[in-house]
2 protein chains.
Amino acid sequence: MRESYDEYLKILNDNLLDYLPPVDPKSSTLYDAMKYSLTAGGKRLRPVLLMASCEFAGGKAEKALPYACAMEYIHTYSLIHDDLPCMDDDDLRRGKPTNHKVYGVGMATLAGDGLLNSAFEVMSKNLFMNFDDPDELKRHINAMYIITKAAGITGMVAGQVSDIESEHTECSEEMLEYIHRNKTGALLVGSVKAGLVLGGADKEMLDDMTVYAENLGLAYQIRDDLLDVLGSAEEMGKNSGADAQHEKVTYVSLNGVENSEKKLKELTQEAVNVIEKYYDNAEFFRNLILKLSERTK
Amino acid sequence: MRESYDEYLKILNDNLLDYLPPVDPKSSTLYDAMKYSLTAGGKRLRPVLLMASCEFAGGKAEKALPYACAMEYIHTYSLIHDDLPCMDDDDLRRGKPTNHKVYGVGMATLAGDGLLNSAFEVMSKNLFMNFDDPDELKRHINAMYIITKAAGITGMVAGQVSDIESEHTECSEEMLEYIHRNKTGALLVGSVKAGLVLGGADKEMLDDMTVYAENLGLAYQIRDDLLDVLGSAEEMGKNSGADAQHEKVTYVSLNGVENSEKKLKELTQEAVNVIEKYYDNAEFFRNLILKLSERTK
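Residues numbered from 1 in each chain as written. Chains lettered and ligands numbered in written order. Predicted model: local features only at pLDDT ≥ 70, side-chain atom pairs only at ≥ 80, totals over all residues. Heavy atoms only, no water.

**Re the packing of helix H3 (residues 45–56) of chain A against helix H10 (residues 185–199) of chain A**
How two helices pack is summed up by the angle between their axes together with the distance between the axes. Residue and element names in this part refer to chain A. Cut-off, in case you're wondering: The angle between two axes is taken between their N-to-C directions and runs from 0 to 180 degrees, where each axis is a line fitted to C-alpha atoms and a helix contributes only its stretch in contact. What counts as a helix is a DSSP run of H or I of at least four residues, what counts as a strand is a run of E of at least two, and both are numbered from the N terminus. Orientation categories follow fixed angle ranges, with anything under 35 degrees roughly parallel, anything over 145 roughly antiparallel, 65 to 115 roughly perpendicular, and all other angles oblique. Note: crossing handedness is left-handed where the near helix turns anticlockwise from the far helix by less than a right angle, and right-handed where it turns clockwise. Should any heavy atoms of two residues lie within 4.5 Å, those residues are considered in contact. Residues are grouped as follows: nonpolar covers Ala, Val, Leu, Ile, Met, Phe, Trp, Tyr, Cys and Pro; charged covers Asp, Glu, Lys and Arg; every other residue, Gly included, is treated as polar.
Where H3 meets H10, the axes come as close as 7 Å, and the angle between the chain directions of the two elements is 30°. In terms of orientation, H3 and H10 fall into the roughly parallel class. Our pair here, H3 against H10, has a crossing hand that is right-handed. Of H10, the residues touching H3 (which contributes Leu45, Arg46, Leu49, Leu50, Ser53, Cys54 and Phe56) are Leu187, Leu188, Ser191, Val192, Ala194, Gly195, Leu196, Leu198 and Gly199. By residue class, the composition of the contact of H3 with H10 is eleven nonpolar, four polar and one charged.

Listed below in structure tokens is the structure:
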């Protein structure tokens, strides 16, 4: 498999817009709005995980590319809708005005809807390309189904619902973990699973990497919460202290900075341990979680 | 094929909620919000068209049921998002308060997102059930792809975009037809095509029925516009004159009542003519468009 994050990132960035369905000139504003958020400088963590997981299991990243693009469309739609006035009401995202600040709330809502639809259009279309090999086709259908479940009402949407419902309420640590596991974790775990399935992973590898991805998701979120308290708006690209402003309970507000840092380390170590048996092959994933758990933006 | 609209309606209504992915008790409000709009008394025109088209082509309605449910989820999501304050800002839909009036704008946005995701989850899952018969599987993949295109950025979403962009502007008849063809027409045509493909229709039948469905879509919209001018809030289940309030150009505001009624008749007649060669088999579709073009609510 490829060695560096940037190699996967490049494949994704070179193809992300090309995989969008062709847009009618009459819908140029919609396209602009979708493109605005797609190219606003995200880390591309989910699509990179998806392609790297495919190669980890023995497949080629290119095979996973349509699903990687679809995953980034889904992630981007969720950010656009999350930022809306009716949800988190954020003005800044990745250092830039949020989608609805630039295109208006109606167009931003439709840009999100358009991205979600496009994700499924890309995946459905891709099935035709793999129709003549039943084993391969089954992997592709499986990957698509994994992604729909991760994004849907038992995955990410459930997390978003619990997130807005728990604002201004006492939120237990159990509920908080539920929110994180679904809102952030579902797409991360879904990306890893979809990639593994496409690459032909066995059950043991799927189980191991699911633990890895779950820990990565929670560690990522705790680091995010820590940065919200410790970071500055400039470093984070969004307004620091936004969680406190929204009276949002975070892992840090529940457990304090010190305990959160400890939990972050434990989760990271556990993830590193579970993939230890894959030796050098797992180096990409080892480096990734170590880097993410120490990131400063 | 079955003879009456109500027979198809019953199959749909008996299954519509059961096909939703199982919801976590923590997301019960989301489920309630989705269910509220799904059971608010729609005509079920799209899923009925889908199942009837499948039987018209020689298939069984039951085979088309997952796609019929998915289509109704997609239609319902589009209504919920259309009614949002950032879009049409409607308080009433089918005689009941709109989703965001009951559940709040954030939850309504997520209920829409949840329904759209569920549509794709249902269709993806259904592919596994048909995996062992390649010909059958190809029909199912094709139906799913037709539905994703009809719902997406070159279909319904494009129509919604043009619709909000054309508010408060001079809107040509050409643009108005573009909006209708996409916003309302795309899902109606997509329903017919998906059903036909599932039933194994040949190209001639697909072409004929596409003309039928396109005319049905436009005729339906003109009738809607006429009722908005002529009807009462009680009859329509939404605020009459809403289009004028939104300064929305409609077929009727552009061409007057008399010309609109004439166009409605022409479209209906053309649709009836194009399916004439199917004799008695087309009676369902003949009756349907005649009934819809004269409907009073």
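**As for the interface of chain B and chain A**
Selection rule: A side-chain nitrogen of Lys or Arg and a carboxyl oxygen of Asp or Glu constitute a salt bridge if their distance falls within 4 Å. Any pair of nitrogen or oxygen atoms within 3.5 Å is treated as a polar contact; in protein, a donor-acceptor pairing is required on top of that, and neighbouring residues in sequence qualify only through side-chain atoms on both sides.
At the interface, 54 residues of chain B touch 54 residues of chain A. Taken together, the connections running from chain B to chain A amount to two salt bridges. A salt bridge links Lys26(B) to Glu174(A); its shortest N-O distance comes to 3.9 Å. On inspection of chain B and its partner chain A, the count reaches eight residue pairs in polar contact (both at pLDDT 80 or more). Put simply, the parts of the chain that give the side of chain B that touches chain A at least two residues each are helix H2 (28–38), helix H4 (61–83), helix H6 (105–129), helix H7 (134–151), helix H8 (156–166) and helix H9 (173–183) of chain B. With 16 residues, H6(B) is the largest single contributor of residues to the side of chain B that touches chain A. Of the residues assigned to the side of chain B that touches chain A, the class counts are 30 nonpolar, 15 polar and nine charged.

**Observations concerning the packing of aromatic side chains**
Residues and elements named next belong to chain B. Rules: A pair of Phe, Tyr and Trp rings is counted when the ring centres sit within 6.5 Å of each other, with Trp represented by its six-membered ring. The angle between the planes then sorts it: under 30 degrees is stacked, over 60 is edge-to-face, the rest tilted. Residue burial is assigned from relative accessible area. The probe radius is 1.4 Å, only protein chains are included, and a residue is buried under 20% of its type maximum, exposed over 50%, and partly exposed in between.
A full pass over the atoms with the stated rule returns 15 aromatic pairs over all chains. Between Tyr36 and Tyr103 the ring centres are 5.7 Å apart and the planes differ by 70°, which places this aromatic pair in the edge-to-face class. Residue Tyr36 is found in helix H2, and its partner Tyr103 is found in helix H5 (residues 99–103); the two are separated by 67 residues along the sequence. Exposure remark for Tyr36: the relative accessible area of 19% places this residue in the buried category. Taken together, a centroid distance of 5.1 Å and an interplanar angle of 65° make the contact between Phe56 and Phe285 edge-to-face. Pair noted here: Phe56 is in helix H3 (residues 45–56) and Phe285 is in helix H15 (residues 283–293), with a separation of 229 residues, a long-range link. A single burial state applies to Phe56 and to Phe285, both of which are buried.

**Remarks on the relation of the copies chain B and chain A**
Under the convention used in this document: Superposing copies: least-squares fit, C-alpha atoms only, residues required to have pLDDT of at least 70 in both.
In screw terms, the move from chain B to chain A is a rotation of 180° and a rise of 0.0 Å along the axis, fitting with an RMSD of 0.0 Å. Such a turn and shift between the copies fits a two-fold axis. Of all interface residues in chain B, 100% are interface residues in chain A too; the two copies therefore contact each other through one and the same surface.

**Details of the confidence of the model for chain A**
Where we set the bar: Along the chain, pLDDT gives the predictor's confidence residue by residue, from 0 to 100.
Chain-level statistics for chain A give a pLDDT mean of 93 and a share of 95% at 70 or above. Across the whole predicted complex the pTM is 0.95, and at the interface the ipTM reaches 0.94.

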